[in-house]
Amino acid sequence: MSTTQPAAGEHLLEVSGLTKHFPIRRGIVFQRQIGAVHAVDGIDFTVGAGQSLGLVGESGCGKSTTGRLITRLLEPTAGKVVFDGEDITHTPENRMKEARRNLQMIFQDPYSSLNPRHTVGTIVETPMRLNDINPPQGHKKRAQELLETVGLNPEHYNRYPNEFSGGQRQRIGIARALALRPKLIVADEPVSALDVSIQAQIVNLLQDLQRELGIAFVFIAHDLAVVRHFCERVAVMYLGKIVEVADRQTLYTGPRHPYTHALLSAVPEADPDAVHRRERIRLAGDVPSPVDPPSGCRFRTRCWKAQERCATEEPPLVRLGGNAEGHLTACHFPEEPSVEARAEDIVLDPALTTLEDNASAAS
Amino acid sequence: MTTQQQPMPATGATQATGEPSPAPLSDGTAITGRSPARMAWRRIRRDKVTMAAFVITVLFILIALLAPVLTDITGWGPITPDGKAINPDTGNFPRGSLGGISLTHLLGVEPGTGYDLFARIVYGLRTSLFVGFASAVLSTVVGVVAGLAAGYSGGWVDSVLSRIMDVMLAFPQLLFIIALTPVIQNAMQTNDHGGTDENLRLLVLVLNIAVFAWAYTARLVRGQVLSLREREFVDAARIMSAGKWHILFRQLLPNLWAPVLISFALAVPQNITTEAALSYLGVGVIPPNPDWGALLSDASQFFLQDPMYLFVPGVLLLILVLALNLLGDGVRDALDPRAARG
């Protein structure tokens, strides 16, 4: 698979300075704003036609909000979303029809994303009917074709969602998203609610669809392995910011941002006896509150390399010296581009340190 | 459930062999899904108490509908006095035992007037059921619309509607209707005798009961909509450019049938009781028009001398309300099997 970047102007989706602050109000009758949750705080990225971009990060880092901003389920506070050459940042609902035809979404929870009172056929046909799309073979035939495309029996047309398993339900959701032949699908944690055994099937299905139908994806997930399997480019988010973005190979083998290192190190090793041991980084504490995020670099409160400068100056998301084309990192003191084991593990969690000290003293 | 081989998808995507398929596929027959409504009906069929309540309710409705036919068969109308059935010497109490129950008068006769009790009960059932159902339909329709509007719009619309609901629920309904009914009826005196037309009285009764009942449905629907509109299928509808009306009536409303039907089923017996109570208190249907509440009120004057006169309409009202309540409970259990039985 090619990892080359489309030239400027060829981007299907261009997001710049995208920001979403949820106001916190207090008061019963006269509500006043006393603060805001900085869910997404000025992020930029692009997705080319047919490309897949992964958005990863911890829970609450703003990945899902980003997905909902792109599809305009949420109104952005600031920034710009350009889709297919058209600025859709503040397009009123009644003129979003055209853009939404090409911009669909797959949801996280297959149990709440399908209307329990509609048959599978109705669910898949509704987008066509709402958008006045009349396929030559008729709505029913087209819906059955779509069901077949996503690996379901077309005879399930008259059934209700409650008769299907989670994986099958997610397939129905995918068929619905495909009904309008979109150019971009935002997949918001499409497999995290599924059994691990089913996850692979759904991811492979999405990958086949991407290859065969040339659909671009924004793939939101917290599972690094799934993203590695699916996405050509990966963006790592932390507390409403993108801290690092690179193509898959570079990000997984040569990350520069300390947070990316920590995230990768947290993935359990499939082979504990591997010859090349990976580095070991264990962070301490929780993600700070997005209501009052840290100044400067947002990761500095948990970073082992943080210095004075990190608190005063926000690191820009730029291509660092030694980085490949398209590999952007937001860090003043980047790590070496390697995930090999270090001379000394970085264990910031005091509980874990004590535990390990005791264990080594005992033995 | 059995696992079955599904046809290979066109894309060659990984086959979902590990996933259980809904049902085995028999050749040639089209698969039709079991809709939630059909599953509820199956559950009702299996519930003996609910089926009994259902049969009794249907029987009552048939009797009410066939009232003119039935009274033609017995030969006594609701306001045709039978002078021979009452004894002037005992103060116009029915002749014979058990309140004058005989082959001519199946349920006896009314003391004082000599009206046939069977005819009065059969016609009174019409009133009860009409008022019960009509007010329940009215309050449900208003309640659903108000609940949808409040739950989905939010903001000031929700605030205003919710406050109105709170006020309606806090109102002393019975007192208010007792005080208000004569006023309304006086304002609308229409018939030649200077009294209020019987149909108008019924209409006022229906409106009065519905005015105080819609808030229950509205609050229920509002709560459901508040939770439903956060579900992802509403977002999915928005992404396919669905308008507000599509989301309200195509996406949300089908999910509200169960609670709405339940509240409707439980409102009918409630309204019948209210109607009977109002007629008993003299602000509903007034004699000589036949009504169960009015009958009970009248009978309470004679219950020492003629207990059957009180007993018959009392027990029938009890059976009707009990059957409707049990039916409502059964419908709730069938539509919402996860709700614990109280």
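Everything quoted here is computed from the prediction, not taken from an experiment.

1. Looking at the overall build of chain A
The helix and strand inventory of chain A stands at 11 helices and 13 strands. Taking 21 Å as the expected radius of gyration for a compact globule of 363 residues, we find that chain A reaches 22 Å, a close match to that expectation. Considered along the principal axes of its C-alpha atoms, chain A spans approximately 70 × 55 × 50 Å. Scored against the burial criterion, the 363 residues of chain A give a buried share of 45%. In chain A, the share of contacts with a sequence separation of at least 24, taken over all contacts with a separation of at least 6, comes to 66%.

2. A closer look at the sheet that holds strand β9 (residues 233–238) of chain A
All names here are of chain A. The seven strands lie next to each other as β6-β7-β8-β3-β9-β10-β12, forming an open sheet whose pairing is mixed. A single partner strand is all that each edge strand has here, and the edge strands are β6 (103–106) and β12 (328–329). Packed onto the sheet, helix α1 (residues 63–70) meets β3 (52–56), β7 (184–188), β8 (216–221) and β9 and runs at close to 150° relative to β8. Helix α9 (residues 258–265) contacts β9 and β10 (241–247) of the sheet and is inclined by roughly 105° relative to β9.

3. Topic: the domain arrangement of chain A
Residue and element names in this part refer to chain A. The assigned domain composition of chain A is domain 1 (12–25 + 34–238) and domain 2 (253–362). A separation of 31 Å is found between the C-alpha centroids of domain 1 and domain 2. On the side of domain 2, 12 residues touch domain 1, which itself brings 11 residues to the contact. Only β2 (32–48), α7 (224–230) and β9 provide two or more residues apiece to the side of domain 1 that touches domain 2. Counting residues per element, the side of domain 1 that touches domain 2 draws most heavily on β2, which supplies four residues. Here the side of domain 1 that touches domain 2 is composed, by residue class, of seven nonpolar, three polar and one charged.

4. Some remarks on the UniProt feature "transmembrane region" (unreviewed entry) in chain B
Residues and elements named next belong to chain B. Here, the residues flagged by UniProt with the feature "transmembrane region" (unreviewed entry) are residues 49–70, 129–152, 164–188, 200–221, 247–268 and 308–328. Helix makes up 100% of residues 129–152 and strand 0%, with an end-to-end C-alpha separation of 33 Å. Taken end to end, residues 200–221 has its terminal C-alpha atoms 31 Å apart, with 100% of it in helix and 0% in strand.

5. Quick notes on the confidence of the model for chain B
The predicted model of chain B has a mean per-residue pLDDT of 80, with 84% of residues at 70 or higher. Interface confidence for the predicted complex, expressed as ipTM, amounts to 0.85; the pTM equals 0.78.

6. Re the packing of helix α3 (residues 120–130) of chain A against helix α5 (residues 166–178) of chain A
Residues and elements named next belong to chain A. In the contact formed by α3 and α5, the axes pass within 7 Å of each other and the chain directions differ by 25°. If you check the angle between α3 and α5, you find them roughly parallel. Seen from above, α3 lies across α5 with right-handed handedness. Where α3 approaches α5, its residues V120, I123, V124 and P127 are matched on the opposing element by I172, A175 and R176. Of the residues that constitute the contact of α3 with α5, the class distribution is six nonpolar, no polar and one charged.

7. Details of the nonpolar core
If you look at the biggest cluster of nonpolar residues, it comprises 96 residues, and the most contacted ones within it are A:L184, A:V218, A:F219 and A:V236. Residue assignment places this core across two domains, with domain 1 (12–25 + 34–238) and domain 2 (253–362) of chain A each supplying three or more. For A:L184, the residues in contact, after removing those within four places along its chain, are A:L12, A:L13, A:V47, A:N102, A:L103, A:I215, A:A216 and A:V218. Within the second largest apolar cluster, 69 residues are counted, among which are B:A40, B:M165, B:V260 and B:A265.

Basis of the calculations
Residues numbered from 1 in each chain as written. Chains lettered and ligands numbered in written order. Predicted model: local features only at pLDDT ≥ 70, side-chain atom pairs only at ≥ 80, totals over all residues. Helix = DSSP H or I, 4+ residues; strand = E, 2+ residues; numbered from the N terminus. Rg over C-alpha atoms; globule rule 2.2 N^0.38 Å. Buried ≥ 20, exposed ≤ 12 C-beta atoms within 10 Å, placed from the backbone. Contact = placed C-beta atoms within 7 Å. Pairing = 2+ DSSP bridges. Axes fitted to C-alpha atoms, helices over the stretch in contact; angles between N-to-C directions. Domains from an automatic or database assignment. Nonpolar A, V, L, I, M, F, W, Y, C, P; charged D, E, K, R; others polar. UniProt positions renumbered as here; feature names shortened; annotations may be inferred. pLDDT = per-residue confidence, 0-100. Parallel < 35°, antiparallel > 145°, perpendicular 65-115°, else oblique. Left-handed = near helix turned anticlockwise from the far one by under 90°. Core = buried A, V, L, I, M, F, W, Y, C linked by C-beta atoms within 7 Å.

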